[in-house]
Amino acid sequence: KRCENFGTCGSSGTEDSGTSKVNLDLFAQFELAQFHLLMGQCDQVRPVLETVVPLMTIPLIQGTLRYAYKVSAYGPAGDNSNAAGSDTLLKENAEGATFAAAMLPFLHACSPTDAATVATNMAIGMYTPDRMAVKMALESNYACMGITGAQVGALPMPPGSSSPPPPPPSPPAP
């Protein structure tokens, strides 16, 4: 799902549909780990795990960035189409906070200061996040977290615009 938002689908990681590149990479690593286990080469599994963990953070970072953008652009500090107290704003704030909480320990290991920036801006009840501060805090730590900007991708920018396009509408709450 995130690969479509960030243009990181397909085996090249540059497509906007299909299976995400990170999932393809993870499946390959899982197969390698399984092979080592089946062959009784347990000492060979740790290096695979050390490759898997950074890959698993990529969708978490993408979700954090996406919801930082959505809450900022469409919440009270943006165009207010998702007004304070609206179900959509509450849902998107909670989703962003959840993605952020899942990756914050990895970010904190690289930079406690940047982790605090993301935690503050993505907290439950923060309806006016500084999406650029979140983006900068994450991007400045990609190398430390063992990932690249190309793996994370980017929200697309329409021609002549300085902001990503509006996201598709959220489905109605059940």
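Our structure is the block above this text.
Residues numbered from 1 in each chain as written. Predicted model: local features only at pLDDT ≥ 70, side-chain atom pairs only at ≥ 80, totals over all residues. Heavy atoms only, no water.

Visitor: Residue-level account of the overall build of the chain, with values.
Guide: In terms of regular secondary structure, the chain is built from eight helices and zero strands. Starting at the N terminus and walking to the C terminus, you meet the elements of the chain as α-α-α-α-α-α-α-α. Burial status across the chain gives 37% buried among its 174 residues. Carbon and sulfur atoms make up 61% of the accessible area of the chain, which amounts to about 9,200 Å² in all. (Helix = DSSP H or I, 4+ residues; strand = E, 2+ residues; numbered from the N terminus. Buried < 20%, exposed > 50% of the residue type's maximum accessible area, 1.4 Å probe, protein only. Areas by Shrake-Rupley, 256 points an atom, 1.4 Å probe, with all protein chains shown as cover.)

Visitor: How would you summarise the state of the cysteines if you had to cite specific residues and measurements?
Guide: Applying the stated criterion to the full structure yields two disulfides. Taken in sequence order, the bonded cysteines of the chain link in the pattern 1-2, 3-4. (Disulfide = S-S within 2.5 Å.)

Visitor: How would you summarise the packing of aromatic side chains if you had to cite specific residues and measurements?
Guide: Under the definition given, this model contains two aromatic pairs. Measuring from ring centre to ring centre gives 5.9 Å for Tyr69 and Tyr74, while their planes differ by 90 degrees; the resulting arrangement is edge-to-face. Since its relative accessible area comes to 7%, Tyr69 is described here as buried. (Phe/Tyr/Trp six-rings, centres within 6.5 Å; stacked < 30°, edge-to-face > 60°.)

Visitor: I'd like a description of the nonpolar core, backed by residues and values.
Guide: Ranked by internal contacts, the top residues of the largest apolar core, which has 31 residues, are Ile61, Leu65, Leu107, Val118, Leu138 and Tyr142. Among the elements of the structure, α2 (21-38), α3 (45-74), α4 (87-110), α5 (112-121), α6 (131-139) and α7 (142-145) are those that each provide at least two residues to this core. Among the elements that make up this core, the one with the highest residue count is α3 (11 residues). The contacts of Tyr142, once residues within four sequence positions are left out, are Ile61, Leu65, Ile147, Thr148, Gly149 and Val152. (Core = buried A, V, L, I, M, F, W, Y, C linked by side-chain atoms within 4.5 Å. Contact = heavy atoms within 4.5 Å.)

Visitor: For α5, give the residues involved together with the corresponding values.
Guide: Two residues of an α-helix separated by three or four positions point the same way, owing to the 3.6 residues in each turn. Those residues of α5 that sit buried are Asp114, Ala115, Val118 and Asn121. Burial along α5 is one-sided: seen end-on, the buried residues are contained in an arc of 140 degrees. Its buried side turned inward, α5 meets α3, α4 and α6. (Arc of directions from axis to C-beta.)

Visitor: Tell me about the environment of Glu31, and please be specific about residues and values.
Guide: Inspection of the secondary structure assignment puts Glu31 in helix α2. Given a relative accessible area of 58%, Glu31 falls into the exposed group. Placed 17 residues apart in sequence, Glu31 and Val48 show a C-alpha to C-alpha distance of 9.9 Å.

Visitor: Any chance you could break down the pattern of salt bridges for me, citing the residues and the numbers?
Guide: Note that side chains of opposite charge can pair when their charged atoms are close. All told, the structure shown has four salt bridges when counted by the stated rule. For Glu95, the salt bridge goes to Lys91, with nearest N and O atoms at 2.5 Å. A residue pair is termed a helical-turn pair when its members lie 3 or 4 positions apart in one helix, as Glu95 and Lys91 do in helix α4 at four residues. Taking relative accessible area as the criterion, Glu95 reaches 23% and is therefore assigned partly exposed. According to the relative accessible area criterion, Lys91 is partly exposed, its value standing at 33%. (Salt bridge = Lys/Arg side-chain N within 4 Å of Asp/Glu carboxyl O.)

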